[in-house]
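Observations on the model geometry
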Amino acid sequence: MNGKNKAFSTLDMVLMESGFKQTEAVLQSNRSNITRFAGSAIHQNTSESDVSLSIRAVENGKTVSSSLNSIDPDSVRKTLANMKETVKYQRKNIESAFLPVSKKAAHAKTYFERTASISPVKKAETVGAVAGACLAHKFTASGAFQTGVGEIAIANSRGVRQYAESTSAGLTLVVSGGDSTGYAEAASRNVDELDFMS
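Residues numbered from 1 in each chain as written. Predicted model: local features only at pLDDT ≥ 70, side-chain atom pairs only at ≥ 80, totals over all residues. Heavy atoms only, no water.

Topic: helix α1 (residues 4-18)
- Helix length check: α1, at 15 residues, gives a terminal C-alpha distance of 21 Å against a target of 21 Å (1.5 Å per residue), a fit within 8%.
- Every buried residue belonging to α1 is among A7, F8, T10, L11, M13, V14 and S18, and all of these are buried.
- Just downstream of α1, G19 is the residue with a positive phi angle, here 85°. (Helix = DSSP H or I, 4+ residues; strand = E, 2+ residues; numbered from the N terminus. Expected span 1.5 Å × (residues − 1). Buried < 20%, exposed > 50% of the residue type's maximum accessible area, 1.4 Å probe, protein only.)

Describing unusual backbone geometry
- A positive phi angle is found at S40, which is not glycine, with a value near 65°.
- Summarising the element assignment, S40 is placed in the loop between β1 (22-38) and β2 (41-59).
- S40 sits in the buried class, given a relative accessible area of 17%.
- In this model, N60 sits at a positive phi of 55°, which is unusual for a non-glycine residue.

Some thoughts on the environment of A41
- By the secondary structure assignment, A41 is in strand β2.
- When its relative accessible area of 39% is taken as the criterion, A41 is described as partly exposed.
- Separated by 32 residues in the primary sequence, A41 and S9 have C-alpha atoms spaced 44 Å apart.

Some remarks on the sheet that holds strand β6 (residues 180-188)
- Reading across the sheet, the six strands line up as β3-β2-β1-β4-β5-β6 and stay open at both edges, with antiparallel pairing between neighbours. Of all strands in the sheet, those bounded by a partner on one side alone are β3 (62-68) and β6. Pairwise comparison of adjacent strand axes, ignoring direction, gives a mean angle of 15° for this sheet.
- When β2 meets β3, the two strands line up antiparallel, connected through seven bridges. (Pairing = 2+ DSSP bridges. Axes fitted to C-alpha atoms, helices over the stretch in contact; angles between N-to-C directions.)

A short note on the nonpolar core
- Core analysis: the largest hydrophobic core is formed by 19 residues, its most contacted members being L11, L53, I55, V76 and M83.
- Secondary structure elements with two or more residues in this core: α1, β1, β2, β3, α2 (73-86) and β4 (140-156).
- Leaving out residues up to four positions away in the same chain, L11 has contacts with A25, V26, L27, L53, A153, I154 and A155.
- With 15 residues, the next largest nonpolar core counts A131, C134, A141 and A169 among its residues. (Core = buried A, V, L, I, M, F, W, Y, C linked by side-chain atoms within 4.5 Å. Contact = heavy atoms within 4.5 Å.)

Structure below.
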């Protein structure tokens, strides 16, 4: 995760290096962790993170866009140079000749620290409690417990400047016993709102 200051520092660099009359940059970062279990036992815990930078620019009524999975300044400059070459061959489109202007954005609570900071150990304990409850009734449990953190920042040369963080949590559960199975799932941005035992 970049954080608000670093995210806008990256976007400002894109706008400064652009060379287009109008430029928009969107930075998205995500970090996720998933604990998988089968036969009432955990068999995998994995984490991954990624970042993507999308750039859109307008020049003389022509629009060009590109995306990259790096915020390295040299990679950004190379991408902008390619966009400068590509825009020469684009057709003019008056409907998309102007990027959006800044407007006040409504606030929505999408980030919960407890979800962002939950540890693999705590997730394993939760899975253990779910599996234990199933075993007590002679059932076996399989599924996955996933949590994630994301951020998105957007800035353009017409004054748009917005940033938001979000979290997610979800449990998928398959319970098997005898000749039958049952399925359940739950999801929330706030892990504390998930009822794992009902």
